[in-house]
Amino acid sequence: MKYVFLIPELKRGGPINVVKNLVETDFFMKLDVYIIAIRSQKDFIYEQEFLKNTKIIYLENGNILSKLNQLKEVLYNISPNVVHSNGFYPDIFLSFLLGNRYKKVTTIHNVIYQDYYSRYGIKGYLFSFIHYLVLKFTNFYKIFGCSREVANSLDKIIRSKKIDYVNNGVNIDKFSCKSEISKNIIKDQLGLDSEIIITFCGGVERVKRVPDLVNDYIANLTEFDFKFIIIGDGPELNQIKED
């Protein structure tokens, strides 16, 4: 069985990490799995992690029509059983591919109208409208939400029996709890001499409101001694460092 994941780009982040966790499961290890990235930007270290279990194809730079033609040709050559899109642009691209040569599946990783408005302001409502139209009128075999809340938000707007949800999974072998000895070694390496460590882990971007977290909450914690660390990167990280 040939299974294709269509993604915006091979860049470390929440939705792509979900794809990575999926392709590392026993089920997908038995399949012939392809990753098609619409944008050609590469994270070479991250790429190596995917190459253990998948074949990766990058669409060449060009306009939307050029990329659509590339995608059609790639899918024709692969002849997959399932194409599974993840994200706004992958869903848009998949909506232009007519016919029933393969099953179309999508996973929605957010409450669309809330997330898009938080990221893009008023333009986010337009992006939301377009995305909902695509989900409603494209012949998707299944529309998955990454949680029950996401699935319910979709059902309220597009009202489709194709909607279901699968909670995001975590590779417990990679994220198991460290022993106290291991924790102390890591704290020494990072120069964290406080008993209490508060951590933010994720993208430092507008929708996460990390500067608000730091300025309105962390900066006002005075009841106990602690260290606050950020594990992640993003466009608002420099703002936080300057503050």
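Residues numbered from 1 in each chain as written. Predicted model: local features only at pLDDT ≥ 70, side-chain atom pairs only at ≥ 80, totals over all residues. Heavy atoms only, no water.

Draft legend 1. Expanded view of the packing of helix α6 (residues 112-120) against helix α7 (residues 123-137). Remark: α6 packs on α7, axes separated minimally by 7 Å, with the N-to-C direction vectors making an angle of 145°. Seen from above, α6 lies across α7 with right-handed handedness. Where α6 abuts α7, its residues I112, Y113, Y116, Y117 and Y120 lie against K123, G124, Y125, F127, S128, H131, Y132 and L135. (Axes fitted to C-alpha atoms, helices over the stretch in contact; angles between N-to-C directions. Helix = DSSP H or I, 4+ residues; strand = E, 2+ residues; numbered from the N terminus. Left-handed = near helix turned anticlockwise from the far one by under 90°. Contact = heavy atoms within 4.5 Å.)

Draft legend 2. Representation of the pairing of strand β2 (residues 32-37) in the model. Buried residues dominate β2, accounting for 5 of its 6 residues. Across 6 bridges, strand β1 (residues 2-7) lies against β2 in parallel orientation. If you follow K2 over to β2, its bridge partner there is D32. The pairing of β2 with strand β3 (residues 55-58) spans 4 bridges and is classified as parallel. Counted as the bridge partner of I36 is I57 from β3. Regarding topology, helix α3 (residues 44-51) serves as the crossover connection from β2 to the parallel β3, and that connection is right-handed. (Buried < 20%, exposed > 50% of the residue type's maximum accessible area, 1.4 Å probe, protein only. Pairing = 2+ DSSP bridges. Right-handed = clockwise from strand over helix to strand, strands pointing away.)

Draft legend 3. The environment of G202, seen in detail. Checked against the element boundaries, G202 lands in the loop between β8 (196-201) and α10 (210-217). Along the primary structure G202 and G234 are separated by 32 residues, whereas in three dimensions their C-alpha atoms are 8.9 Å apart. Those residues in contact with G202 that sit more than four places away from it in its chain are I231, G232 and D233.

Draft legend 4. Local environment of unusual backbone geometry. Positive phi is not limited to glycine here, since S79 has a value of about 55°. With respect to the helices, strands and loops of the structure, S79 is situated in the loop between α4 (64-78) and β4 (82-86). For S79, a relative accessible area of 42% puts it in the partly exposed group. With a phi close to 45°, R159 is a non-glycine residue in the positive phi region. For R159, the position within the fold is in the loop between α8 (148-158) and β7 (163-165). On the basis of relative accessible area, R159 is assigned to the exposed category, the value being 64%.

Draft legend 5. Just the packing of aromatic side chains, in detail. Under the definition given, this model contains 12 aromatic pairs. With a centroid separation of 5.1 Å and 90° between ring planes, the pair formed by F27 and F28 is classed as edge-to-face. These aromatic residues form a ring-pair network of at least three members: F88, Y89, Y116, Y120 and F127. Across from the ring centre of Y34, 5.1 Å away, lies the NZ or CZ of K55, which sits over that ring. (Phe/Tyr/Trp six-rings, centres within 6.5 Å; stacked < 30°, edge-to-face > 60°. Lys NZ or Arg CZ within 6 Å of the ring centre and 35° of its normal.)

Draft legend 6. Representation of the sheet that holds strand β5 (residues 103-108). Read across the open sheet, the 7 strands follow the order β3-β2-β1-β4-β5-β6-β7; overall the sheet is parallel. The sheet terminates laterally at β3 and β7, the two strands that pair on one side only. Sheet twist, expressed as the average angle between the axes of neighbouring strands with direction ignored, equals 25°. Across the sheet, helix α5 (residues 88-95) lies against β1, β4 and β5, angled at about 140° from β4, the strand it touches most.

Draft legend 7. Up close: the side chain of T138. By the element assignment, T138 lies in the loop between α7 and β6 (142-145). Taking relative accessible area as the criterion, T138 reaches 8% and is therefore assigned buried. Those residues within four positions of T138 in sequence are excluded, and the remaining contacts are L94, S95, K104 and K162.

Draft legend 8. Summary view of the environment of I38. With respect to the helices, strands and loops of the structure, I38 is situated in the loop between β2 and α3. Between the C-alpha atoms of I38 and I7, which are 31 residues apart in sequence, the distance is 6.4 Å. I38 has contacts with L6, I7, P8, L59, K67, Y89, P90 and F93, leaving out every residue within four places of it along the chain.

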